[in-house]
Amino acid sequence: DLSLVIQLVAQRHDAALRALNRGPDLHSFNVEYKVLKAVNTDLPEVNTSLHMAQIQDALRTRVLESHVRALHTAASIAEAAKSILALREVATHAPDIYEDVQVRLTSALAHLKSTPKFGTRGINALGGHLSQHAQGQLVIAEHPETFGSA
């Protein structure tokens, strides 16, 4: 009987959404998300796809999109660096969504590099600015295709 597991999944789903609504509280979110991922992997007979989709959508709309939007509209190296550091900080506090953060960061960096405002020169300056912060050094190391010459 999987009714207790199904009930647990619903509770963890609700707790993850509440954590996103609280500020967001990414550490608490990550704890709940990790449980749902484990159930999804270890108990395929329990369908968690709707719960996972709702949580990923909430994460995207409540947390990630605002950072990506800020990065896309950054008017200066300092603004871009601040947005990049904030986005990378999400992965630090919720390591189970690291891949989601990296996909969005890669896309946003490619966008910046292709804009006349930044281009290769701006990306090089951005790399120099990021290198002054521990999180920024992580971003540079994780994106050598963008910052290889920074």
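Structural notes, computed from the coordinates. All values reported here derive from a predicted model rather than from experimental measurement.

**Observations regarding the overall build of the protein chain**
Counting secondary structure elements, the protein chain contains eight helices and zero strands. Its C-alpha atoms give the protein chain principal-axis dimensions of roughly 60 × 25 × 25 Å. In the protein chain, buried positions account for 38% of the 150 residues. Counting only contacts in the protein chain whose residues sit at least 6 apart along the sequence, the fraction spanning at least 24 positions is 61%. Summing over all exposed atoms, the protein chain offers an accessible surface of approximately 7,900 Å²; the carbon and sulfur share of this is 55%. Between the mean site of the 14 positive side-chain charges and the mean site of the 15 negative ones, the protein chain shows a separation of 9 Å.

**What about the side chain of T115?**
In this fold, T115 is placed in the loop between helix 5 (98–114) and helix 6 (119–130). For T115, a relative accessible area of 17% corresponds to the buried category. A polar contact of 2.7 Å, which involves the side chain of T115, links it to the backbone oxygen of L112.

**Details of the pattern of salt bridges**
Applying the stated criterion to the full structure yields seven salt bridges. Note that E32 and R12 form a salt bridge whose closest N and O atoms lie 2.9 Å from each other. Here E32 is found in helix 2 (residues 26–42), whereas its partner R12 is found in helix 1 (residues 3–21), with 20 residues between them in sequence. Given a relative accessible area of 15%, E32 falls into the buried group. Judged by relative accessible area, R12 falls into the partly exposed class, the value being 26%.

**Brief notes about helix 2**
Owing to its 3.6 residues per turn, the α-helix aligns residues three or four sequence positions apart on the same side. Taking 1.5 Å per residue, 17 residues should reach 24 Å; helix 2 reaches 24 Å between its end C-alpha atoms and fits that length. When helix 2 is considered as a whole, its buried residues turn out to be L26, F29, N30, E32, Y33, L36 and V39. Its buried side turned inward, helix 2 meets helix 1, helix 3 (49–72), helix 4 (77–93) and helix 5.

**Considering the environment of P24**
If you trace the backbone, P24 turns up in the loop between helix 1 and helix 2. Separated by 66 residues in sequence, P24 and V90 place their C-alpha atoms 9.9 Å apart.

**Let's talk about the nonpolar core**
Residues F29, I84, I97, L126 and L130 are the most contacted members of the largest nonpolar core, which totals 40 residues. Those elements that place two or more of their residues in this core are helix 1, helix 2, helix 3, helix 4, helix 5 and helix 6. Ranked by the residues each element gives to this core, the list is headed by helix 3, at eight residues. Aside from chain neighbours lying at most four places away, what touches I97 is F29, N30, Y33, L59 and V90.

What counts and how
- Residues numbered from 1 in each chain as written.
- Predicted model: local features only at pLDDT ≥ 70, side-chain atom pairs only at ≥ 80, totals over all residues.
- Heavy atoms only, no water.
- Helix = DSSP H or I, 4+ residues; strand = E, 2+ residues; numbered from the N terminus.
- Buried < 20%, exposed > 50% of the residue type's maximum accessible area, 1.4 Å probe, protein only.
- Contact = heavy atoms within 4.5 Å.
- Areas by Shrake-Rupley, 256 points an atom, 1.4 Å probe, with all protein chains shown as cover.
- Lys, Arg positive; Asp, Glu negative; His and termini not counted.
- Charge placed at Lys NZ, Arg CZ, Asp CG, Glu CD.
- Polar contact = N/O pair within 3.5 Å; in protein donor to acceptor, adjacent residues only side chain to side chain.
- Salt bridge = Lys/Arg side-chain N within 4 Å of Asp/Glu carboxyl O.
- Expected span 1.5 Å × (residues − 1).
- Core = buried A, V, L, I, M, F, W, Y, C linked by side-chain atoms within 4.5 Å.

All quantities given are derived from atomic positions and should not be read as evidence of function.
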